[in-house]
Amino acid sequence: RKPLYLAASMVAAGDAAGTLSIIDTQTIKIKNSFTADKKIVNASAWSADGKFLAAGGNDGIVRIWSVSDNKITSEVNPTHGNIVSLNFVNSQVAIGMIDFKKRRGNVEVWDWQSNKFIRVFDEGGPGLRATSATPDGKLLAVADYQSAVLLSILPGEGNTFEASLRLLPDDDDG
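Residues numbered from 1 in each chain as written. Predicted model: local features only at pLDDT ≥ 70, side-chain atom pairs only at ≥ 80, totals over all residues. Heavy atoms only, no water.

What follows concerns the sheet that holds strand E9 (residues 92-99). Strand order in the open sheet formed by four strands is E8-E9-E10-E11, with antiparallel pairing between adjacent strands. Edge strands, defined here as strands with exactly one partner in the open sheet, are strand E8 (82-89) and strand E11 (116-122). Within this sheet the neighbouring strands show an average axis-to-axis angle of 20°, counted without direction. Two strands pair when backbone bridges link them, and strand E10 (residues 104-111) and E11 are joined in this way by six bridges, in the antiparallel orientation. Across the sheet, residue Trp-110 finds its bridge partner in E11, namely Phe-117. (Pairing = 2+ DSSP bridges. Helix = DSSP H or I, 4+ residues; strand = E, 2+ residues; numbered from the N terminus. Axes fitted to C-alpha atoms, helices over the stretch in contact; angles between N-to-C directions.)

Here we take up the packing of aromatic side chains. Taken as a whole, this structure holds four aromatic pairs when the rule is applied. Centroid distance Phe-34 to Trp-65: 4.3 Å. Interplanar angle 5°. Geometry classified as stacked. One end of the pair, Phe-34, is in strand E3 (residues 29-35); the other, Trp-65, is in strand E6 (residues 62-66), with 31 residues separating them in the sequence. Ring-pair connections join several aromatic residues into one group, and the members of that group are Phe-52, Phe-88 and Trp-112. (Phe/Tyr/Trp six-rings, centres within 6.5 Å; stacked < 30°, edge-to-face > 60°.)

Let us look at the nonpolar core. In terms of nonpolar packing, the biggest core is built from 15 residues, with Val-62, Ile-64, Ile-83, Leu-86, Phe-88, Ile-95 and Trp-112 touching the most fellow members. Within the residue set of this core, elements represented by two or more residues are strand E4 (41-46), strand E5 (52-57), E6, E8 and E9. Leaving out residues up to four positions away in the same chain, Val-62 has contacts with Ala-54, Ala-55, Ser-74, Glu-75, Val-76, Ile-83, Leu-86 and Ile-95. Formed by ten residues, the second largest nonpolar core is a distinct cluster that contains Ala-36, Val-41, Leu-53 and Trp-65. (Core = buried A, V, L, I, M, F, W, Y, C linked by side-chain atoms within 4.5 Å. Buried < 20%, exposed > 50% of the residue type's maximum accessible area, 1.4 Å probe, protein only. Contact = heavy atoms within 4.5 Å.)

This part takes up the pairing of strand E2 (residues 19-24). With five bridges joining them, strand E1 (residues 10-14) and E2 adopt antiparallel strand pairing. Among the inter-strand pairings, Ala-12 is bridged to a residue of E2, identified as Ile-22. Linking E1 to E2, which pair antiparallel, is a turn of four residues; within it Gly-18 sits at a positive phi near 95°. Here six bridges tie E2 to E3, and the two strands are oriented antiparallel to one another. Bridge pairing in E3 links Ile-23 to Ile-30. In textbook terms, the turn of a hairpin is the stretch between consecutive antiparallel strands, and for E2 and E3 this stretch comprises four residues, one of which, Ile-28, has a positive phi near 55°.

Next up on the list: unusual backbone geometry. Located in the positive-phi region is Ile-28, a residue other than glycine, with phi close to 55°. Within the secondary structure, Ile-28 is located in the loop between E2 and E3. Ile-28 sits in the exposed class, given a relative accessible area of 54%.

Encoded structure:
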């Protein structure tokens, strides 16, 4: 009987040297590793089908690793800020970034296969904490230190509807 935290067949762990290691949870051995950042790996995310792994950090580039090809097959370069969170959202990747020089934080959504920018969620100050997406890719949550959670309903294939709402705490007067 295996512990619950080993239920997946692979996990990924980044380090301060910029290496992302893919660990087989059955053998607890490194299956593969690659240079995911020139500095520090801050974030990684698996695609829903487990075929791709996105990683990024302080050099501001998202590298997409193909598990079957054992190589980086795509790079997304938003060209500003440290990457602090990543989520695959259907055929897109949501990239949470903080630019400490400009004191700004935002989330950009990119089509990672064609390397095309789709849209930005501008979170203002550099307080971006995390992002999370539902498995079906229809909801994206953005949390920051300065305001409540922004929950966005993302448009699906062929749909043009999008809605965002700010969830406020009970004790907020605004």
